[in-house]
Structures are given as structure tokens and as C-alpha cells.
Amino acid sequence: MAKATFKIWRTHEGGDGTFQTFHTEVTEGMVVLDVVHKIQAEQANDLAVRWNCKAGKCGSCSAEINGKPRLMCMTRMSQLNLWEPITVEPMRAFPPIKDLVTDVSWNFRVKKTIKKFLPRKPDAPDGTWRMAQRDVDRVQEFRKCIECFLCQDVCHVLRDHNKHDEFIGPRFLVYAANLEMNPLDTEDRVPDLKNEHGIGYCNITKCCTTVCPEHIHITDNAIIPLKERVVSRFYDPITRILRMAK
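Residues numbered from 1 in each chain as written. Predicted model: local features only at pLDDT ≥ 70, side-chain atom pairs only at ≥ 80, totals over all residues. Heavy atoms only, no water.

A.B. asks: Would you mind showing me how to read the pattern of salt bridges here?
C.D. replies: It is possible for side chains bearing opposite charge to pair when their charged atoms get close. A full pass over the atoms with the stated rule returns 20 salt bridges. Connected via shared salt-bridge partners are E64, E89, R92, D153 and R159. (Salt bridge = Lys/Arg side-chain N within 4 Å of Asp/Glu carboxyl O.)

Okay, structure coming up:
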């Protein structure tokens, strides 16, 4: 058993907030969410925190621990330096609701703006499709996303520049890539990626990939291939000449 000092963000009336300091005991095997629940039960019954599965699969307990976007349920106390105060605060890219809870509803509105899956006609007489295993494998990675929105939170376009009206963020570039790279899909989202979804704002710093708890290669496997499609369509000189010739 060891002592730990936690500085947890608490909101006040009017929307402002400050860190409140708590001292508590931690035991072997605890994660940050365990300690937050312990503080909630013993010292701050009105502390607001969002969580669900406590298994790293629901994406609900996203927060910033010592300034880094992480899942509280997947951050072990043994990974942290207990000699220093541990800060826990809500994601900065989204409006605060109370304490560690933020309003992430913007993400669900963004998802509705992306054109839906539009399958081609079935290949076989029995109404089924045929596709190569390599094409299945290519998009399977993107389906691991748990929508924790940590990648959205760490993205400087949203976090620092508040371009929520112009940029859909890495989570939904992954979602668009999942659709665009599906060999059964016939919809064209490339113009929207350029004109509506702001893919040009991303400067591929890979910060989104770094914080992904599912280890999705967001930048290399999703964003860069989508950028290449936009460049090929709109900026490649040969493609532009051919389009003008039509």
C-alpha cells in the first residue's frame, strides 16, 4: 500500500474550474479509474466521472492524466510517479459538463455528415459479394476504434485552434477511410474530404496515433492514403489536364 496525491479538476458554477487536491492510499493493481472511484466514494461524493466497462473497450473514461490523453481504466498506477501529484482533468477539445465529464456530442453530429456505405451490386447469383482477403485485412484495423475520442482531443487542429466547424478530426478520417477503402463501396467521398471535412488541416504529426488505445495506425494507414487520393484527384497536373480535356 502506498500514498498518492491526486489533483482532480472540479468545475464551479459559471463553467470555470480548479484542481482540487486529494490524498489517498493506493494498492497494487489499481488503475487511475479505481482511485477516482475511491476518492468519489470516500471524499467527494459529487465528483462527476464517466465510465462504463472498465476494460478499455467502451471508450467512456477518457481524460487527461498528467497532461496526456488516456483511458483512466487502462492507466495503471504502477506506470505513474507517486512521488509527484497526479493530475486528472477532462479532455480539453470538448466543452466541459461537470468535473471530468465533457460534451462529446459534436462527434456524433460530425459522423452524420460523412456519406454512408453504398455497396455495389452483388457479384454472385446468390446475392453475395466476392472480395480479396487483403482488402478485408486493410479495413479491419479501422473497425477496432472504440470512439474514446482521445485522438480528437490530442489533435492540435481541434485542441488548440478550435477548428471544429472545418475539420472532422482523426477519428472520422479513420471512419471515412474504412468506407473509402472498402472494395464493396461505390460512394465518392474525396471531394468532401477536401472541401467539407478539412483533411488539408492535418499535418501528420502522428500525435493521434500515439494516444490510440487500440494501436490503430491512424496516420500511416488512414490519413495519408486519404490525402493521397485528394492530391491525385485535385492537384496532380496530369489528372488536371485530363479533366480539363473532357
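Now that the structure has been shown, the text picks up again.
A.B. asks: Can you help me understand helix α9 (residues 218-234) in this one?
C.D. replies: Every α-helical turn comprises 3.6 residues, leaving residues that sit three or four positions apart pointing alike. End to end, α9 covers 23 Å across 17 residues, agreeing with the expected 24 Å (1.5 Å per residue, within 8%). The largest bend in α9 comes to about 30°, at I224, with the proline P225 one to four residues further on. What α9 keeps buried is the set I218, T219, A222, I223, P225, L226, V230 and F234. (Helix = DSSP H or I, 4+ residues; strand = E, 2+ residues; numbered from the N terminus. Expected span 1.5 Å × (residues − 1). Bend = angle between axes of the 7 residues up to and from the residue. Buried < 20%, exposed > 50% of the residue type's maximum accessible area, 1.4 Å probe, protein only.)

A.B. asks: I keep staring at the sheet that holds strand β5 (residues 86-89) and nothing clicks. Help me out?
C.D. replies: The pairing of strands in a sheet comes from backbone hydrogen bonds and takes either a parallel or an antiparallel form. Here five strands make up an open sheet; going across it, the order is β2-β1-β5-β3-β4 and the pairing mixed. Two strands in the sheet have a free side with no partner beyond their single neighbour: β2 (17-26) and β4 (68-71). On average, each strand axis in the sheet is inclined to that of its neighbour by 35°, with strand direction left out of account. Sheet topology note: the strand β1 (residues 2-11)/β5 ladder contains three bridges and is parallel. Bridge pairing in β5 links K7 to T87. On top of the sheet, helix α1 (residues 32-42) reaches β1, β2, β3 (62-65) and β5; it is set at about 100° to β2, its chief contact. (Pairing = 2+ DSSP bridges. Axes fitted to C-alpha atoms, helices over the stretch in contact; angles between N-to-C directions. Contact = heavy atoms within 4.5 Å.)

A.B. asks: Any chance you could explain helix α6 (residues 169-180) here in plain terms?
C.D. replies: For α6, built from 12 residues, the straight-helix expectation of 16 Å at 1.5 Å per residue is met to within 8% by its first-to-last C-alpha distance of 16 Å. Counting buried positions along α6 gives 12 out of 12 residues, so the element sits mostly inside the fold. Among all positions of α6, only G169, P170, R171, F172, L173, V174, Y175, A176, A177, N178, L179 and E180 are buried.

A.B. asks: Would you take a moment to explain the side chain of D99 for this structure?
C.D. replies: Of note, D99 is situated in the loop between β6 (96-98) and β7 (101-102). At a separation of 3.0 Å, a polar atom in the side chain of D99 contacts the main-chain amide nitrogen of T11. (Polar contact = N/O pair within 3.5 Å; in protein donor to acceptor, adjacent residues only side chain to side chain.)

A.B. asks: When you look at the environment of R229 in this model, what are you seeing that I'm missing?
C.D. replies: Relative to the assigned elements, R229 resides in helix α9. Classification of R229 by relative accessible area gives partly exposed; the value is 28%. Linking R229 and K115, residues 114 residues apart in sequence, is a C-alpha distance of 16 Å. Ignoring any residue separated from it by four or fewer positions in sequence, one finds R229 in contact with R138, E180, M181 and V190.

A.B. asks: Honestly, the pairing of β5 in this entry has me stumped. Any pointers?
C.D. replies: If a strand is regular, its side chains alternate between the two faces of the sheet. When β3 meets β5, the two strands line up antiparallel, connected through two bridges. In the sheet register, I65 faces β5, and the bridge partner there is V88.

A.B. asks: Honestly, the pairing of β4 in this entry has me stumped. Any pointers?
C.D. replies: Because side chains alternate across β4, one face comprises the buried residues P69 and L71, and the other comprises K68 and R70, none of which is buried. Where β3 hands over to β4, the hairpin turn is made up of two residues, of which N66 adopts a positive phi near 55°.

A.B. asks: Could you clarify how one ought to interpret the side chain of R10 in this entry?
C.D. replies: Tracing the sequence through the fold places R10 in strand β1. Given the relative accessible area of 8%, R10 is considered buried. At 2.9 Å, the side chain of R10 and the side chain of Q20 are in polar contact. In this view, R10 contacts D16, G17, T18, Q20, F22, A44, D46, L47 and D99; residues no more than four positions away in its chain are not counted.

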